Every structure is written in C-alpha cells, then in structure tokens.
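Chain by chain, the residues run as shown.
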Amino acid sequence: MISENIKIIKENILNSALSVGRSKEEASLIAVSKTKPVSMLMEAYEAGMRDFGENKVQELMDKMPQMPEDVRWHMIGHLQTNKVKYIVGKVSLIHSVESIRLAEEISKYSVNRGVTSKILIEVNVSGEESKYGVPYESAEEMIDRIAKLPGILVVGLMTVAPFTTNPEDSRMVFRKLKQLSVDIAAKNIDNVSMNVLSMGMSGDYQVAVEEGATYVRVGSDIFGNRVYQ
Ligand SMILES: *Cc1c(COP(=O)(O)O)cnc(C)c1O
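On a predicted model such as this, the values are computed, not experimentally measured, just so you know.

Enquirer: Explain the packing of aromatic side chains to me, please; I cannot follow it from the model alone.
Expert: Within a pair of aromatic rings, the relevant descriptors are the distance that separates the centres and the angle that separates the planes. Evaluation of the coordinates by the stated rule reveals 1 aromatic pair. Here Phe 52 and Trp 73 contribute two aromatic rings whose centre-to-centre distance is 6.0 Å and whose plane-to-plane angle is 40°, an arrangement assigned as tilted. Linking Phe 52 in strand E2 (residues 51-54) with Trp 73 in strand E3 (residues 72-75), this pair joins segments that are 21 residues apart in sequence. Judged by relative accessible area, Phe 52 falls into the buried class, the value being 0%. On the basis of relative accessible area, Trp 73 is assigned to the buried category, the value being 3%. For Arg 50, the ring lying beneath its charged end belongs to Tyr 45, and the centroid distance is 3.5 Å. Lying over the aromatic face of Tyr 136, Lys 176 brings its terminal NZ or CZ to 4.9 Å of the ring centre.

Enquirer: Would you take a moment to explain the site of the ligand for this structure?
Expert: Close to the ligand lie Val 32, Lys 34, Ile 76, Met 158, Val 160, Met 201, Ser 202, Arg 217, Val 218, Gly 219, Ser 220 and Arg 226. Gly 219 has a polar backbone atom sitting 2.8 Å from an oxygen atom of the ligand. A distance of 2.7 Å is found between an oxygen atom of the ligand and a side-chain nitrogen or oxygen belonging to Arg 226. Split by residue class, the shell around the ligand holds 6 nonpolar, 3 polar and 3 charged.

Enquirer: In this structure, what is going on with unusual backbone geometry? I would like to understand it.
Expert: The phi angle of most residues is negative, glycine excepted, and most peptide bonds adopt the trans form. For Thr 35, which is not a glycine, the phi torsion comes out positive at approximately 70°. Phi at Asn 188 is positive, roughly 50°, even though this residue is not glycine. Position of Asn 188 relative to the elements: it lies in the loop between helix H7 (171-186) and strand E8 (192-198).

Enquirer: When you look at helix H2 (residues 38-46) in this model, what are you seeing that I'm missing?
Expert: At 3.6 residues per turn, the α-helix brings residues three or four places apart onto the same side. Residues of H2 that are buried include every one of Val 38, Leu 41, Ala 44 and Tyr 45, and no others. Mapping the buried residues of H2 onto a view down its axis gives an arc of 110°, with all of them on the same face. The outward face of H2, more than 90 degrees from its buried face, is lined by the exposed residues Ser 39 and Glu 46. Of the surrounding elements, those touching the buried residues of H2 are helix H1 (2-19), E2, helix H3 (57-63), E3 and helix H9 (220-223). Looking at the residues trailing H2, positive phi occurs at Gly 48, about 105°.

Enquirer: Where do I start with the nonpolar core in this structure?
Expert: Considering soluble globular proteins, one finds that nonpolar side chains tend to be buried as a cluster. Judged by nonpolar contacts, the single largest core of 68 residues is most densely connected at Phe 52, Ile 121 and Ile 146. Grouped together as the second largest cluster of nonpolar side chains are 7 residues, Ile 30, Val 155, Met 158 and Val 196 included.

Enquirer: Help me understand the layout of surface pockets in this model?
Expert: The probe, sized like a water molecule, is rolled over the atoms to show the empty space still left. Each pocket or cavity is described by its volume, and for the largest pocket that value is around 770 Å³. Each residue belonging to the lining of the largest pocket can be placed in one class, and the counts come to 11 nonpolar, 13 polar and 8 charged. For the second largest pocket, the calculated volume is near 250 Å³. Lining the second largest pocket are Lys 10, Ile 13, Leu 14, Lys 24, Ala 27, Ser 28, Leu 29, Gly 48, Met 49, Arg 50, Asp 51 and Arg 72.

Cut-offs applied
Here the residue index of a chain counts from 1 through its sequence in written order. Totals for whole chains, interfaces and linings use all residues, but because this is a predicted model, local features are given only for residues with pLDDT of at least 70 and pairs of side-chain atoms are given and counted only at 80 or more. Heavy atoms throughout the structure, all of them, feed into the side-chain values; hydrogens and water do not. Under the pairing criterion, centres of Phe, Tyr and Trp rings, with the six-membered ring standing for Trp, must be within 6.5 Å; the plane angle then separates stacked pairs below 30 degrees from edge-to-face pairs above 60, leaving the rest tilted. A helix here means a DSSP run of H or I that spans at least four residues, while a strand means a run of E at least two residues long, and both kinds are numbered starting from the N terminus. In this scheme, a residue with accessible area under 20% of its type's maximum is buried, one over 50% is exposed, and one in between is partly exposed, where area comes from a 1.4 Å probe on protein chains only. Criterion for a charge above a ring: Arg CZ or Lys NZ at most 6 Å from the ring centre, at most 35 degrees from the ring normal. For this description, a residue counts as near a given molecule or strand if any of its non-hydrogen atoms is within 4 Å of it. In protein, a polar contact means a hydrogen-donor-capable atom and an acceptor-capable atom, both N or O and within 3.5 Å, with residues adjacent in sequence counting only if both atoms are side-chain atoms; elsewhere, any N or O pair within 3.5 Å suffices. Asp, Glu, Lys and Arg are counted as charged, while Ala, Val, Leu, Ile, Met, Phe, Trp, Tyr, Cys and Pro are counted as nonpolar; the rest, among them Gly, fall into the polar class. The directions from the helix axis to the C-beta atoms form the arc being described. Contacts between residues were defined by any pair of non-hydrogen atoms, one from each residue, lying within 4.5 Å. Here, nonpolar core refers to any group of buried Ala, Val, Leu, Ile, Met, Phe, Trp, Tyr and Cys residues whose side-chain atoms link them within 4.5 Å. Grid points spaced at 1 Å over the protein atoms alone were grouped into cavities, where a 1.4 Å probe fits but cannot get out, and pockets, open sets with protein on both sides within 12 Å along at least five of seven lines, with lining residues defined by an atom within 4 Å of a point. Grid points are joined across faces, edges and corners, and a volume is the space filled by probe spheres set on the points.

If you want it as structure tokens, here you go:
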C-alpha cells in the first residue's frame, strides 16, 4: 500500500514538473510521518524514501534512533524556542522559522556545536489568522536580520496554504511564495539562497510543483488519514 502510494505520488510529481517544463530532479517528496508508527516509516524507507517530515520535537526524537542513519529529517511544524536544543545538528532542514527569537536560538546552538543549520522561513502568504508564519510583507526584512546570525543558512521559503478541497485555490498562494523567493534572491543577501521552496501537501502538491515547489510535504496520501487521540 505505502510503496504503491509513493510510486503514484512520484509519478504525479514528475508529470506536473514536466507539464510546466521543469526537470524531474527539481521537485522532491518529503514523507510526512507524524502520528504514524515506525513500522510504517520503515515501509516507506524500503520503498526508497529518505526524506521524512515530523511536526513535533518529541516524536522526532523518539523516531530518529529507530530509523536508519541515512534518513534526512525535516522539522516542519511549529518550533518552540525551548525545544531548539534537541534538534540542532540532528535534522537536515528546519522548515518553520518564523521569528528572530527562534533564529537566534538556532544560531546559538549551531555555533556551540560547530554546525551550520539550514533553515527555511515560513511565510503566511494568505494572511489567515490561524496560520503560523511571518507576514508576507515582513519576510524580507526578517531574512535580512536572520542572515547576519552565525551558524545559520537561509536556503529558502516554506508555506502552508489555507485548507481547501479545491487544489486550484492554493495556486495563487504558491505563486506568491515563488515570486517572493525570486525577489529575495535578486537582493543577493550574504548567507541567503532561495534554492528551496517547500510547499504543497496531499491535497495540492501537484499545483505546488507546477508553481515551482522543490519540496512537497505529503502525509495522508502516503500513510493514510491520521487519527488524533
Ligand atoms: C501534516 C503536515 C503536512 C502533510 O499533510 P497531509 O495533508 O497529510 O499531506 C504538510 N506540512 C505540514 C506543515 C504539516 O503539518
């Protein structure tokens, strides 16, 4: 089941990329495994997945030692400053940086441990009140400031589109995030590259790839619906 799902999603990603003239290497899949048992992650691993996304630090720390060492872990959920110490140097990318305070904490632990942390700035493109992320208008200024912190590389942007049942509703959100990344890249800020665009989930990842996503974060389409206690 899981391996079949992954195969279908990868084909869809490829087709979406090709439909807009992108090459297949440009968009990769992150398996969002939150709430799912390690046995299911291993099934995805056996099917070739190496990028896994989790949204809670505790769950990430529990699963990490149980999975093979070549897994690349992505922190995609809201990150509290007091939890930063657990993940710096262990995850390959933090997608959800949305404040200077959080970036400072990541910087502090990165310098302490002699590592460079790659981060994405989470942008609230739609302005939806319930969403995490930096307001669209403030993103550039925040990146300017975060870029000066040691031990950190800003490598791109991330967004979560508002929930909808029609994937086309997300298109303008993704297009705006892409435009913002192009604008910021043009500024040539030290320690900032805009090579990564993390956008698109189960409902809208194909639209995201058409609009330039380099990572799509897919959970339920791979592992089935989540049950929260
Ligand atoms: C849960 C989650 C996903 C995956 O959602 P699905 O709809 O299950 O694909 C993607 N991104 C973030 C930030 C998430 O929290």
